[in-house]
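# Geometric and topological summary
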Amino acid sequence: MAKLYFRYGAMNCGKSTALMQVVHNYHERGLKAMVIKPYTDTKGGNQVVSRLGISREVDLMVKPDENIVDEIKAWLAQNGKIHCILVDEAQFFKAEQIDQFFEIAVKQNIPVICYGLRTDFSMRGFEGSERLLLLAHSLEELKTICRCGRKAILNGRKIDGKFVFEGEQVVIDGGGHVEYESLCAHCYFQLKEEEKERTS
């Protein structure tokens, strides 16, 4: 039986790069891997983009109100058999859509490998990630380091170069220059305290 996988990590841990490596591995062996991402992720348009400068066009972009089982069935009817489904920015999918990925893995016997964040910039869980943590057959952490050299597990948001700790959960473009930095818990709380003192 195929499985649902969740490979998670902080920002800049190489999730998109790892996804593209898996696609390459499948294609190198004459097998077909399908790449999906949510419409919510506007970065890169219809591309999966790695900070290493590599990119790949996705096969399917899914809206929050779309049924993934139906979308994939329609895609398969036009494009033929696939051997694996790879999902970028999985945290942005709805819980019921994660259930649909789970159903595809189990009922259609197609491995589904999801890459994404566990938590947002304020340490809250994303809907898709929370469901994946409950349902995935396999969980794997992709590791990266903080500015101090410790293991990074959190994501800091910067707007115009300054760390912010309040705001909308999803901000990719607009409202100033938005950046994200992977942080260890120690640096996260230190930066949060410094921002609190600066604005008080």
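See the structure shown above.
Everything in this summary refers to the structure shown in the same document. The model shown is predicted, which means the values in this text are computed figures rather than measured ones. (Residues numbered from 1 in each chain as written. Predicted model: local features only at pLDDT ≥ 70, side-chain atom pairs only at ≥ 80, totals over all residues. Heavy atoms only, no water.)

We now examine the pairing of strand E6 (residues 84-87). What you see with E6 is no split at all: Cys84 and Leu86 on one side and Ile85 and Val87 on the other are buried throughout. Direction of pairing for E6 relative to strand E7 (residues 112-116): parallel, over a ladder of three bridges. Its bridge partner being in E7, Ile85 is matched across the sheet by Val112. (Buried < 20%, exposed > 50% of the residue type's maximum accessible area, 1.4 Å probe, protein only. Helix = DSSP H or I, 4+ residues; strand = E, 2+ residues; numbered from the N terminus. Pairing = 2+ DSSP bridges.)

Turning our attention to the environment of Gln47. By secondary structure assignment, the location of Gln47 is in strand E3 (residues 47-49). The class for Gln47 is partly exposed, based on a relative accessible area of 23%. With 150 residues separating them in the primary sequence, Gln47 and Glu197 have C-alpha atoms 40 Å apart. When neighbours within four sequence positions are excluded, Gln47 is seen to be in contact with Lys37, Ser55, Arg56, Glu57 and Val58. (Contact = heavy atoms within 4.5 Å.)

On to the pattern of salt bridges. As enumerated under the stated definition, the model contains 12 salt bridges in all. A salt bridge links Arg56 to Asp59, with the shortest nitrogen-to-oxygen separation between them at 3.6 Å. Taking the shortest distance from any N to any O, the salt bridge between Arg131 and Asp99 comes out at 2.6 Å. One end of the pair, Arg131, is in helix H4 (residues 127-135); the other, Asp99, is in helix H3 (residues 95-107), with 32 residues separating them in the sequence. Here Arg131 falls in the partly exposed class, since its relative accessible area comes to 26%. Salt bridges sharing common partners tie together Arg147, Lys158 and Glu181. (Salt bridge = Lys/Arg side-chain N within 4 Å of Asp/Glu carboxyl O.)

On to the nonpolar core. Core analysis: the biggest nonpolar cluster contains 27 residues, and Leu4, Ile36, Ile72, Ile85, Phe101 and Val112 have the highest contact counts within it. Breaking this core down by element, the ones donating at least two residues are strand E1 (4-8), strand E2 (33-38), strand E5 (60-62), helix H2 (68-79), E6, H3, E7 and H4. Take this core: its biggest share by element is five residues, from H2. One finds Cys13, Leu19, Leu86 and Leu142 within the second-largest nonpolar core, a separate group that totals 16 residues. (Core = buried A, V, L, I, M, F, W, Y, C linked by side-chain atoms within 4.5 Å.)

Quick look at the sheet that holds strand E9 (residues 154-159) now. If you trace the three strands from one edge of the open sheet to the other, you get E10-E9-E11, paired in antiparallel fashion. For this open sheet the edge positions go to strand E10 (162-164) and strand E11 (178-183), each flanked by a neighbour on one side alone. Looking at each pair of strands side by side, their axes are set apart by 45° on average, direction ignored. Bridging between E9 and E11 involves six bridges; their strand directions are antiparallel. Counterpart to Gly156 in the pairing with E11 is Glu181. Sheet contacts for helix H5 (residues 185-199): E9, E10 and E11; angle to E11, the most-contacted strand, approximately 135°. (Axes fitted to C-alpha atoms, helices over the stretch in contact; angles between N-to-C directions.)

Before going further, it helps to examine the packing of H2 against H3. At a closest axis distance of 8 Å, the pairing of H2 and H3 adopts a crossing angle of 50°. Here H2 lies oblique to H3, going by the angle between them. Of H3, the residues touching H2 (which contributes Ile68, Val69 and Ile72) are Gln97, Gln100, Phe101, Glu103 and Ile104. (Parallel < 35°, antiparallel > 145°, perpendicular 65-115°, else oblique.)

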